[in-house]
Amino acid sequence: MSLLMFTSVSVNAQSISIGQEKIDYAVPKQYEVGGITVSGTRYLDKKVLILLSGLSVGETIQVPGEAITEAIRKLWDQGLFSDIDIRVTKIADGKIFLDIKLEERPRLSKFALKGMKKGDANDIRESIHLVKGKVVTDNIIVSTENIIKNHFIDKGFLNIEVSTETERDSTLPNSVILKFNVNKGKKVKINRILFRGNEEVKNGKLARSMKETRQKRWWRVWKTSKFLDYEYENDKKAVIAKYNQLGYRDARIISDTVYKVDKRNVNIEINLEEGRKYYFRNISWTGNTKYSAELLGKILGIKKGDVYDRSRLEANLFMNPNGRDVSSLYLDDGYLFFNVEPVEILVVNDSIDLEMRIREGKQATINKVTVVGNTKTNDHVIMREIRTKPGQLFSRADIIRSQRELSQLGYFNAETLGVEPKPNPADGTVDIVYTVEEKPSDQIELSGGWGAGRIVGTLGVAFNNFSLRNMFKKHAWRPLPAGDGQKLSLRAQSNGLYFQSYNFSFMEPWLGGNKPNALSVSAYHSVQSNGVQRGGENRQAIRITGATVGLGSRLQWPDDFFSWRVDLNYQNYILENYLLISGFNNGHSNTVSLRFTLMRNSIGDPIFPTYGSTLTGSVEVTPPFSAFTQKDYTNADPSEKYKLIEYHKWKFDAKWFIGLAKNLVIATKFQFGFLGLYNRQLGIAPFERFYVGGDGLSGFGLDGREIFALRGYDNNSLTPQLNGTQVGGTIFTKYTAEVRYRVSPNPQATVYVLGFAEAGNSWLAFNEFKPFQLKKSAGLGVRIFLPMFGLLGLDYGWRFDDVPGYPNMAPSQFHFSIGQQF
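Residues numbered from 1 in each chain as written. Predicted model: local features only at pLDDT ≥ 70, side-chain atom pairs only at ≥ 80, totals over all residues. Heavy atoms only, no water.

Concerning the overall build of the protein
Note the threshold: Only DSSP runs of H or I with at least four residues qualify as helices, and only runs of E with at least two residues qualify as strands; both kinds are numbered from the N terminus onward. Partly exposed describes any residue whose relative accessible area lies between the buried limit of under 20% and the exposed limit of over 50%, with all areas from a 1.4 Å probe on protein chains only and scaled to the type maximum. Any two residues having at least one pair of non-hydrogen atoms within 4.5 Å are treated as being in contact.
Helix and strand counts for the protein stand at 13 helices and 38 strands. Dimensions of the protein along its principal axes, counting C-alpha atoms only, are 140 × 85 × 65 Å. Taking all 822 residues of the protein together, 43% fall into the buried category. Considering only intrachain contacts with a sequence separation of at least 6, the fraction spanning at least 24 residues in the protein is 59%.

Written as structure tokens, this is what we have:
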């Protein structure tokens, strides 16, 4: 049977006979569609295909005509076919019968990425979204090749080549395997950046303004010199911004070019027109009724004759990161609708007069405050930390402080904390919405250490967002009651018969729920022995049982970053043939002490602080028991001397954090401690002493000792000795400086690397204290914060000094740490 294939291509006038009918191309004729069939398909619904074509039985079409051409176009637009024919199979009684002949495109069976590393392949797979059964079209192949190319171009492989092989899959009908072959070539680096036309600003200053587009230098480790087009466009804007900052407000790039030096290098040439350098002259204010022009000018901080720096002007008007600005002056006093527009009203030679046009608006009152995103933490825990309350005047400073307080809780991702003020100009109010993203805050400790010549195992859990009030509610156990901001910690250590230790602590940060009064309780019990069972004839052991009750609160003076805390401590020591100090191996010792702590904490993110400081001073005192007895202890037995332990203990700790650039921070720390006595006949207590050196994790100590790390040295090696035995220092000092760079801000695995230098020492008595006779070290390290385990650290330190009594100490060594910042 004869057939006709109609396309949009014009044909010469001709006629073809089908049965008794003749189709004349030159004289189109009307027909009623008598029937439509579909051939050539195996996997697609024929009824749906007819529907997609737009043709239907019973309609009248013109042959030849647009209806057939439009049907082909509609089917082609589906992207499912490699060939489409519409054929006339029969003409009878004015009716035309059509057959739509289709050739389906193959479907994807699987695909492979060749010529790249596994990590790159995984990243590309996430981007291309190729799935089994997808129809393979030319567009899909081209778009996939472009995705692959762009992935490697972003890494500096500008000469990348991608080719695609299509292979029939014999195991599946109408299916193909796509193989993408990648030839990355070598990275294209920037050989030189050449500036032309710059007479006033040196090449080096302009090159440094280009943060991501850098020419090759042998010392560059963190920033490579790869060429990325989109970064280059941003850096060209940075060059002009640098000129504007220096007063050249008319500076512009006339032309620029990037050309290849060879296959691995390109040069960049930028032609500049600097223009004239401008200066501020007269600055006037209009529209200001709340504050005087004198005060506003003082906050603006720009004087007549200063270089015309538009970025400085805008920073001092809006959102100055380094101090106050005009906008914050108004916004902190409720003027949410405030606006200021600097207008150049006169330019005379190289001087510019400005008029600051202010629209103060009305003060805005906070209407509603809401929180979204908290899936675990209860609303009241968040709301009590927020400083913006309904009915108060709007304050930008209160919003910033609220974000800081939410970050300090440790329950939310600090990188995604958000706030959205929603002004209502009609009634002068504003709604504030805080957005949080929960992150895991509970921690588990499972570790092994070395102490007293044996391996010590530790198992601990800390629930940092616990809910005590929901303990007896069955539905709240998911898996534990949570969301009320309380802290519950359980910890156990053991190495079998020789050592066991159990610790429990609980803290309620808002006792009563109305004020930030923190109540804490803790209890602990430890036993160290020679492994002989209790009651055994040769048993040697020391048992310690203790408890602490603490109460603390926040202060408003000197500022509201201050807080105080008071702890009442009790410890009971029982010695059974255990030689703690000379002459004291049996008996009881008791300690009752009161510790007062004053703190100021102004840091932001507790995991990776980029600004602020923490200052902590404490004094711990016991009653002067010996003063109540009037007894001469000069020749008293040690068991009598230490039945009631007495001392006073002073400590100071200060940390400062300064952000140098994004993710780059310098951190410094100073520590000092002193243990004093009341009665010289008793001497300084053998408990509560300072041990310095190593990783700060050296096993266990049952005498109340405090251990301080000093990397590069053996554990406790900087601790005073008597007769070859470490007895602990009564005074110590330590200085540390670190440069930190955050590699990953991901709250699920925050990672930063660091370089450190530190110095410290401890002394047996105050008269031996030499604050500048210190043991020094330096090194490198890495910190990884995992929500489940806390902060984990690995450092490699080099010591600079020898230590008497340790002739075999290594000149450098690794240190592992848990939970320590530095």
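Structural notes on unusual backbone geometry
The omega angle of the peptide bond from Val 63 to Pro 64 is -10 degrees, so this bond is cis rather than trans. By the element assignment, Pro 64 lies in the loop between β4 (60-63) and α2 (66-77). In the segment running from Trp 557 into Pro 558, the intervening peptide bond is cis, with an omega of 0 degrees. Inspection of the secondary structure puts Pro 558 in the loop between β24 (541-554) and β25 (562-576). Although it is not a glycine, Asn 174 sits at a positive phi angle of roughly 50 degrees. In this structure, Asn 174 sits in the loop between β8 (161-168) and β9 (175-183).

A few points about the sheet that holds strand β16 (residues 365-372)
Defined as follows: In this description, strands pair whenever DSSP reports at least two bridges between them. In this analysis an axis means a line fitted to C-alpha atoms, helices contributing only their contacting stretch, and an angle means the value between N-to-C directions, from 0 to 180 degrees.
As summarised here, the arrangement of the three strands in space is β16-β18-β17, forming an open sheet in which the pairing is mixed. Strands with a single pairing partner mark the edges of an open sheet, and in this sheet they are β16 and β17 (418-424). Within the sheet, the average angular offset between the axes of one strand and its neighbour, ignoring direction, is 20 degrees. The pairing of β16 with strand β18 (residues 429-435) spans six bridges and is classified as parallel. Across the sheet, Val 369 pairs through a bridge with Ile 432, a residue of β18.

Some thoughts on the sheet that holds strand β12 (residues 265-273)
Pairing between the strands of a sheet is mediated by backbone hydrogen bonds and can be parallel or antiparallel. If you trace the three strands from one edge of the open sheet to the other, you get β10-β12-β11, paired in mixed fashion. The open sheet has two free edges, formed respectively by β10 (189-196) and β11 (252-262), since each of these has just one partner strand. Averaged over neighbouring strand pairs, the angle between their axes works out to 15 degrees when direction is ignored.

Some remarks on the pairing of strand β36 (residues 775-786)
Pairing of strand β35 (residues 750-763) with β36, which is carried by eleven bridges, proceeds in the antiparallel orientation. By the bridge assignment, Glu 758 is partnered in β36 with Ser 777. Between β36 and strand β37 (residues 790-799), which follow one another and run antiparallel, lie three residues.

Brief notes about α2
As a reminder of what qualifies: Take the number of residues in a helix, subtract one, and multiply by 1.5 Å to get its expected span. In this description, the arc belongs to the directions extending from the helix axis to the C-beta atoms.
In a regular helix each residue adds 1.5 Å, so twelve residues correspond to 16 Å; α2 covers 16 Å between its end C-alpha atoms and thus fits that length. Taken together, the buried positions of α2 are occupied by Ile 68, Ala 71, Ile 72 and Leu 75. Each buried residue of α2 lies within a common arc of 100 degrees when the element is viewed along its axis, so the set occupies one face. Buried residues in α2 make contact with α1 (46-53), β4, β5 (81-92) and β6 (95-104). Looking one or two residues beyond α2, the residue adopting positive phi is Gly 79, at roughly 70 degrees.

Quick look at the packing of α1 against α2
Our working definition: For classification purposes, an angle smaller than 35 degrees is called roughly parallel, one larger than 145 roughly antiparallel, one from 65 to 115 roughly perpendicular, and anything else oblique.
One can describe the packing of α1 onto α2 by two numbers: an axis separation of 8 Å at closest approach and a directional angle of 120 degrees. Put simply, α1 runs oblique to α2. Residue-level contacts link Leu 49, Leu 52 and Ser 53 of α1 to Ala 71, Lys 74 and Leu 75 of α2.

A short note on a positive patch on the surface
Note the threshold: Patches here are clusters of residues that have more than 30% relative accessible area and form no salt bridge, with a 9 Å joining cutoff for like charges and a 5 Å cutoff for nonpolar side chains (Val, Leu, Ile, Met, Phe, Trp, Tyr). What sets the accessible areas is the Shrake-Rupley method with a 1.4 Å probe; for residues, cover comes only from the shown protein chains. Here a salt bridge means any side-chain nitrogen of Lys or Arg lying within 4 Å of a carboxyl oxygen belonging to Asp or Glu. His is not counted here, nor are the chain ends, while Lys and Arg score as positive and Asp and Glu score as negative. Where a charge lies is defined by one atom per residue type, namely NZ (Lys), CZ (Arg), CG (Asp) and CD (Glu).
Residues Lys 117, Lys 186, Lys 187, Lys 189, Lys 216 and Arg 264 make up a contiguous surface patch of positive charge. When its relative accessible area of 52% is taken as the criterion, Lys 186 is described as exposed.

Some thoughts on the confidence of the model for the protein
Selection rule: Known as pLDDT, the predictor's confidence for each residue is given on a scale from 0 to 100.
Here the protein shows a mean pLDDT of 88. Residues at 70 or above account for 93%. Within the protein, the lowest mean pLDDT, 55, falls on strand β1 (residues 15-18), and the highest, 97, falls on strand β27 (residues 613-621). Considering only residues more than four positions removed or in separate chains, one finds that residues 1-13, a stretch of pLDDT under 50, has 27 contacts.

Looking at the pattern of salt bridges
This structure, assessed with the given rule, holds 45 salt bridges. A salt bridge links Glu 233 to Lys 236, with the nearest nitrogen and oxygen atoms 3.3 Å apart. Linking Glu 233 with Lys 236, this pair stays in helix α6 (residues 229-245), spanning three residues, or about one helical turn. Sharing partners across several salt bridges, the network here consists of Arg 711, Lys 734, Glu 738, Arg 740, Glu 758, Arg 783 and Asp 795.

Focus on helix α8 (residues 310-317)
Along α8, the residues classified as buried are Leu 313, Asn 316 and Leu 317. Looking straight down α8, one finds its buried side chains confined to an arc of 100 degrees; they lie on one side. Tucked inside the fold, the buried residues of α8 contact β13 (279-286), α7 (293-300), α9 (326-331), β14 (339-348) and β15 (351-359). Phi turns positive, to about 55 degrees, at Met 319, one or two residues after α8.

Some points on the packing of aromatic side chains
Geometrically, a pair of aromatic rings is defined through the distance of the ring centres and the angle of the planes. Applicable threshold: Any two rings among Phe, Tyr and Trp, with Trp reduced to its six-membered ring, count as a pair given centres within 6.5 Å; such a pair is stacked if its planes are under 30 degrees apart, edge-to-face if over 60, and tilted if neither. When the NZ atom of lysine or the CZ atom of arginine is within 6 Å of a ring's centre and also within 35 degrees of its normal, the charge is said to sit over that ring.
Scanning all chains against the criterion turns up 22 aromatic pairs. A ring pair is formed by Tyr 243 and Tyr 248, whose centres lie 5.7 Å apart and whose planes are at 90 degrees; its orientation type is edge-to-face. Residue class for Tyr 243 comes out buried when judged on its relative accessible area of 1%. Between Tyr 330 and Phe 338, the aromatic rings sit 4.3 Å apart at their centres with planes inclined by 10 degrees, giving stacked as the arrangement. A relative accessible area of 0% places Tyr 330 in the buried class. A relative accessible area of 10% places Phe 338 in the buried class. Within the aromatic cluster, the residues linked to one another by ring pairs are Phe 672, Phe 674, Trp 763, Phe 766 and Phe 769. Here the guanidinium or amino end of Arg 249 rests over the ring plane of Tyr 278, the centre of that ring lying 4.8 Å away.

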